[in-house]
Amino acid sequence: MATFLNPKTRKMKHLSVEQREQSIEYIKQEMLLFDDANGFKLPTTPKDPQLSINHPIKSMSDFYSNAEDNDEGDIDQQAALRSSSHALEIELYTKQGSDKSTSSDESHEEEYNPLSFWKKMHSSYPALSKIAARIFSVPASSAAVEREFSLAGNIITQKRSKLSPDVVNDMVFNHSFKVHQQGPDSTDKSELH
């Protein structure tokens, strides 16, 4: 996903055709998940009511069954519209020219940051920009994990070697939660009481 979402490698030339297709399908799935998570609905055109004055409702069950049929049709229509809008957004992004964000007035010594492209283009590619922000915000460091292992190593000492893994896990979690509550400015992070 990161290869596709990086404007400089969006063509994915180093991947096979199958890998490119899989990447695009995964991006489409992520776009649908983002829409569902954010409650996004495309505007629909008002439709003619199925029930007219000439066809009176015979019972409440007829009314609700007609309403359910309409809802299923709306859901299918919404999914098709969302899918086609996502495909169009991906196609436009893929066919766009090379990124001009690294112009000659910028320092060539600075490292290229794809997030600057997505910040500029968020109105053109709203769904892709959200996915890019999520993908590129993953830290490329294992410092937090190493910190937790170090804490666990300080808990399990020679005198406390018979602690169960669940107890150690709970102690590490409680410590991490306490540090999180104190905020980033707390200086006493290494003490475990």
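Along each chain, the written sequence defines residue order, and numbers are assigned to residues from 1. With pLDDT at 70 or above as the cut-off, local features in this predicted model cover only qualifying residues; side-chain atom pairs require 80 or more to be listed or tallied, and sums for whole chains, interfaces and linings still use all residues. Water and hydrogen atoms were dropped before computing side-chain values, which therefore reflect all heavy atoms in the structure.

## Observations regarding the pattern of salt bridges
Right, so step 1: The salt bridge definition used is simple: a Lys or Arg side-chain nitrogen within 4 Å of an Asp or Glu carboxyl oxygen. Counted by the stated rule, this structure contains 3 salt bridges.
Right, so step 2: Arg134 is the partner of Glu30 in a salt bridge, and the nearest nitrogen-oxygen pair spans 2.3 Å. With Glu30 in helix α2 (residues 17-37) and Arg134 in helix α5 (residues 126-136), this residue pair connects regions lying 104 residues apart in the sequence.
Right, so step 3: Close ionic contact of Glu91 with Lys95 constitutes a salt bridge, the shortest N to O distance being 3.0 Å. Of the two residues, Glu91 and Lys95 both sit in helix α3 (residues 60-95), 4 residues apart, roughly one turn of that helix. Helical segments are the DSSP runs of H or I of at least four residues, strand segments are the runs of E of at least two, and each set is numbered from the N terminus.

## A few points about the nonpolar core
Right, so step 1: Phe4, Leu5, Trp118 and Leu128 are the most contacted members of the largest nonpolar core, which totals 18 residues.
Right, so step 2: Every element with two or more residues in this core is listed here: α1 (2-5), α2, α3, α4 (114-120) and α5.
Right, so step 3: Contacts of Leu128, omitting those with residues within four sequence positions, involve Phe4, Leu5, Ile27, Met31, Glu89, Ile90, Tyr93 and Trp118.
Right, so step 4: Of all hydrophobic cores here, the second largest spans 5 residues; its members include Leu151, Ala152, Val168 and Val172. In this text, buried Ala, Val, Leu, Ile, Met, Phe, Trp, Tyr and Cys residues form a nonpolar core when linked through side-chain atoms within 4.5 Å. Each residue's exposure class comes from its accessible area (1.4 Å probe, protein chains only) as a fraction of the maximum for that residue type: buried when under 20%, exposed when over 50%, partly exposed otherwise. Here a residue-residue contact requires only that any non-hydrogen atoms of the pair lie within 4.5 Å.

## Let's talk about the confidence of the model for the chain
Right, so step 1: For every residue, the pLDDT score states the predictor's confidence, bounded by 0 at the bottom and 100 at the top. Looking at the chain, pLDDT values average 75 and 68% of them are 70 or higher.
Right, so step 2: Looking at the elements of the chain, mean pLDDT is at its lowest for α3, recorded as 70, and at its highest for helix α7 (residues 165-182), recorded as 90.
Right, so step 3: Across residues 43-60, where pLDDT falls below 50, the model places 10 contacts with residues more than four positions away in sequence or in other chains.
Right, so step 4: Within the model, the stretch residues 99-109 combines pLDDT values under 50 with 10 contacts to residues more than four positions away or in other chains.

## Description of unusual backbone geometry
Right, so step 1: In this structure, Met12 takes a positive phi of about 50° despite not being glycine.
Right, so step 2: Among the secondary structure elements, Met12 is positioned in the loop between α1 and α2.
Right, so step 3: In this structure Met12 comes out as buried when scored by relative accessible area, which is 4%.

## Some words on helix α6 (residues 143-155)
Note: α-helices contain 3.6 residues per turn, so residues at a spacing of three or four share the same orientation.
Right, so step 1: Between its terminal C-alpha atoms α6 stretches 18 Å, which fits the 18 Å expected from 13 residues at 1.5 Å a residue.
Right, so step 2: Among the residues of α6, those classed as buried are Leu151, Ala152 and Ile155. Down the axis of α6, the smallest arc covering the buried residues is 100°, so these residues share one side. Projecting away from the buried face of α6 at angles above 90 degrees are the exposed residues Glu146, Phe149 and Asn154.
Right, so step 3: In this structure, the buried residues of α6 make contact with α7. For a helix, the expected span equals 1.5 Å multiplied by the number of residues minus one. Of all possible arcs, the one meant is that of the directions from the helix axis to the C-beta atoms.

## Let's talk about α2
Right, so step 1: For α2, built from 21 residues, the straight-helix expectation of 30 Å at 1.5 Å per residue is met to within 8% by its first-to-last C-alpha distance of 30 Å.
Right, so step 2: Among the residues making up α2, those that are buried are Ser23, Ile24, Ile27, Glu30, Met31, Phe34 and Asp35. Across the axial projection of α2, the buried residues extend over an arc of 140°, all falling on one side. Along α2, exposed side chains directed more than 90 degrees from the buried face belong to Glu18, Glu21 and Ala37.

## Describing the packing of aromatic side chains
Right, so step 1: Two rings belonging to Phe, Tyr or Trp (six-membered ring only in the last case) form a pair when the distance between their centres is within 6.5 Å. Interplanar angles under 30 degrees mark stacking, angles over 60 mark edge-to-face geometry, and anything in between is tilted. For the structure on display, the rule yields 7 aromatic pairs.
Right, so step 2: Ring centres of Phe4 and Tyr93 lie 5.1 Å apart, and the angle between their planes is 80°; on these two criteria the pair is classed as edge-to-face. On the criterion of sequence distance, the pair formed by Phe4 in helix α1 and Tyr93 in helix α3 is long-range, its members being 89 residues apart.
Right, so step 3: You can call Phe4 buried: its relative accessible area is 1%.
Right, so step 4: Judged by centre distance (5.0 Å) and plane angle (40°), the ring pair of Tyr93 and Trp118 falls under tilted. Highlighted residues: Tyr93 in helix α3 and Trp118 in helix α4, separated in sequence by 25 residues. Each of the two residues, Tyr93 as well as Trp118, counts as buried.
Right, so step 5: Linked through ring pairs, Phe4, Tyr93, Phe117, Trp118 and Tyr125 together constitute an aromatic cluster.

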